[in-house]
Every structure is written in C-alpha cells, then in structure tokens.
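Okay, here's what each chain looks like letter by letter:
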Amino acid sequence: MSFRLSQRDKDIIEFINQFRAVDRDSLVELFFKQLKSPVNACNSVMVRLYRLGLIERTQQYSPTVYLPIDAKIKKNSQKILHFLSILDIYKQMCTYSTPKQVIVEDKPTGRKGGIEPDLFCIFKGSPFWIEIQRNQYSDQKMQAKINLYEEFFFSDEWKALHWQPEDRAAIFPSVILITPVRYAVSSEHIRIIQVISIDELMEKYRSSAKQQRDGRSRVSSSSSNGIKINLT
C-alpha cells in the first residue's frame, strides 16, 4: 500500500513511541488544539494511523489510549497508567516551557539495579531526574532510592552523559520527587525536591525568586536551595 505521512503524522508516531502510552485527549492538546474541530481531527488521524498499522491502541480506557506498534505491555496493563502519569507531568511542564532532551524511563547507568528515574529532561535550562510516586512507600525505601543517586554521583559517570554541556562544567541533575507524601529523605551531595506537581514546583520558585528580589532571602540548608530555574 502506498501512502504518504505528513510531518504531524510522523511527530505523533514518534511521540507515542517516546512516551509508550498516550491518551487521545493529550494528543488533541499537543497536536490539534489550534484546529477548528480538534477532537474530530485527532480521531480521524488516529484511526488512519491505526488502520495503516503504524500504532496500536487500547479501548480499555476512555478516551482511547494509543501505544507503539511494538509495545511490550498488555493492553490492560497497569503499566499504562504509569506511562500516562509521566505524560501528565510532561504536559504540566509544557504549560511553562517545553522540556528538552526528554527521556522516558531513563537508565543513565546502563546497568540493572542502578537509578531508573521515570523521566529525565532539561526544563527551563536545568537538568532534572523525576521520580513519580503513585504509591506510598516507607521512608527507608525512599532513602534507599536516594542512596542509589548518591552512588551514581560518586561514580562520575554522569559527567559523560550525552546531554551534558560542552562549554562548561558537567551538572548533576536535581532529583524531583512528585509525591503527595513528604518523605524523610536527605542527601548532602544531591539536590532533592519534593512537590505534589510541577505547578507547585513553579509556585515554590516564584516565591523564592520574589524573596530574593525583595532582599529577604537567607542561606538555608534546604535540599531545594540553589536550583536555577528561569521563571520568566
């Protein structure tokens, strides 16, 4: 069969391959919102791509969730909800600034048992590893996760990651815990930020920037101090 894909078709397929599971409404928001009838346009495109065998889909969710053609997850897997939660964080970021160098389920050590953040990206000029905690864990288990980040920090392997700047010193990403629960975790070597959402993160640093402008900022031992986010 002969067919020609538009650039938008290619971008949608690439996006689904990147995020592993993408719901119809997210596709409308990210690729079709400028059109007169965005939902109808999205439905038409996605049905065509599905019939061409370029994407998979599961209708066990409403609206429909689309998957890569070679998806290794079952269409009723709870893993789909995990990928949708990563996508939601990405969309929250996009309302402020489109993240760059996005890696879903990053495995920077290349080894089993190393750190496996749900998302890596450069957001507003700063690198972040993001852990999305949909379930509640013990403080001990969360500290063990932080300890793995510290091990990677001391390995110095992170200095050679492909996204590191070429014109200045390597940067170890801050670790964001997206969680409704405040965990008693700490590190003397890496920066940890605990927030419920990206909205809270941005509000937090707006307040911090305002305090600095007002001359009221103080040196603190807070693990979130020193993050450089361009809030403009």
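Not measured: the values here are computed from a predicted model.

Q: I keep staring at the packing of aromatic side chains and nothing clicks. Help me out?
A: The description of two aromatic rings rests on the distance between their centres and on the angle between their planes. Evaluated as defined, the whole model comprises 14 aromatic pairs. Each ring, one from F15 and one from Y90, has its centre 5.8 Å from the other, and the planes form 55°; the classification is tilted. Taken together, the positions of F15 in helix α1 (residues 7-19) and Y90 in helix α4 (residues 79-94) put the pair 75 residues apart, joining distant regions of the chain. Each member of the pair, F15 as well as Y90, is classed as buried. A ring pair is formed by F19 and Y90, whose centres lie 4.9 Å apart and whose planes are at 55°; its orientation type is tilted. Of this pair, F19 sits in helix α1 while Y90 sits in helix α4, and the two are 71 residues apart along the sequence. Here the two residues F19 and Y90 agree in accessibility, since each one is buried. Between the NZ or CZ atom of R57 and the centre of the ring of Y50, over which it lies, the distance is 3.9 Å.

Q: What's the story with the environment of N135 in this structure? I'm lost.
A: As for its placement among the helices and strands, N135 is situated in the loop between β6 (126-132) and α5 (139-155). For N135, a relative accessible area of 48% translates into the label partly exposed. As for N135 and Q78, which are separated by 57 residues in sequence, their C-alpha atoms are 13 Å apart.

Q: In this structure, what is going on with the confidence of the model for the protein? I would like to understand it.
A: Caution applies to low-pLDDT regions: their predicted coordinates should not be interpreted in detail. A residue-level look at the protein finds 90% of positions with pLDDT of 70 or above and a mean pLDDT of 90. Confidence over residues 217-226 falls short of pLDDT 50; this stretch has 14 contacts with residues more than four positions distant or in other chains.

Q: What should I look at first to understand the nonpolar core in this one?
A: In a soluble, globular protein the nonpolar side chains are often hidden away together inside. By size, the foremost hydrophobic cluster in this structure holds 44 residues, and its most contacted members are I12, F19, M46 and I130. The element best represented in this core is α4, accounting for eight residues. Leaving out residues up to four positions away in the same chain, I12 has contacts with L27, F31, F32, V45, M46 and L49. Membership of the second largest hydrophobic core comes to 18 residues, among which are Y149, W163, F172 and L177.

Q: What am I meant to see in the side chain of S26 here?
A: Its location among the elements puts S26 in helix α2 (residues 24-32). Residue classification places S26 among the buried residues on the basis of a relative accessible area of 0%. Within polar-contact distance, the side chain of S26 engages the side chain of K91 at 2.8 Å. Non-local contacts of S26, meaning those with residues more than four positions away in its chain, are made with L87 and K91.

Q: How should I be thinking about the sheet that holds strand β5 (residues 119-123) in this particular structure?
A: The strand order across the open sheet built from five strands is β4-β5-β6-β7-β8, with neighbouring strands paired in mixed fashion. One side of each edge strand has no neighbouring strand; the edge strands of this open sheet are β4 (100-104) and β8 (192-195). The sheet shows a mean angle of 25° between the axes of neighbouring strands, direction not considered. Where β6 lies against strand β7 (residues 174-178), five bridges are found, and the strand directions are parallel. The partner of I132 across the bridge, within β7, is I178. Helix-sheet contacts for α5 involve β6, β7 and β8, and the interaxial angle to β6 is about 150°.

What counts, and at which threshold
Residues numbered from 1 in each chain as written. Predicted model: local features only at pLDDT ≥ 70, side-chain atom pairs only at ≥ 80, totals over all residues. Heavy atoms only, no water. Phe/Tyr/Trp six-rings, centres within 6.5 Å; stacked < 30°, edge-to-face > 60°. Helix = DSSP H or I, 4+ residues; strand = E, 2+ residues; numbered from the N terminus. Buried < 20%, exposed > 50% of the residue type's maximum accessible area, 1.4 Å probe, protein only. Lys NZ or Arg CZ within 6 Å of the ring centre and 35° of its normal. pLDDT = per-residue confidence, 0-100. Contact = heavy atoms within 4.5 Å. Core = buried A, V, L, I, M, F, W, Y, C linked by side-chain atoms within 4.5 Å. Polar contact = N/O pair within 3.5 Å; in protein donor to acceptor, adjacent residues only side chain to side chain. Pairing = 2+ DSSP bridges. Axes fitted to C-alpha atoms, helices over the stretch in contact; angles between N-to-C directions.

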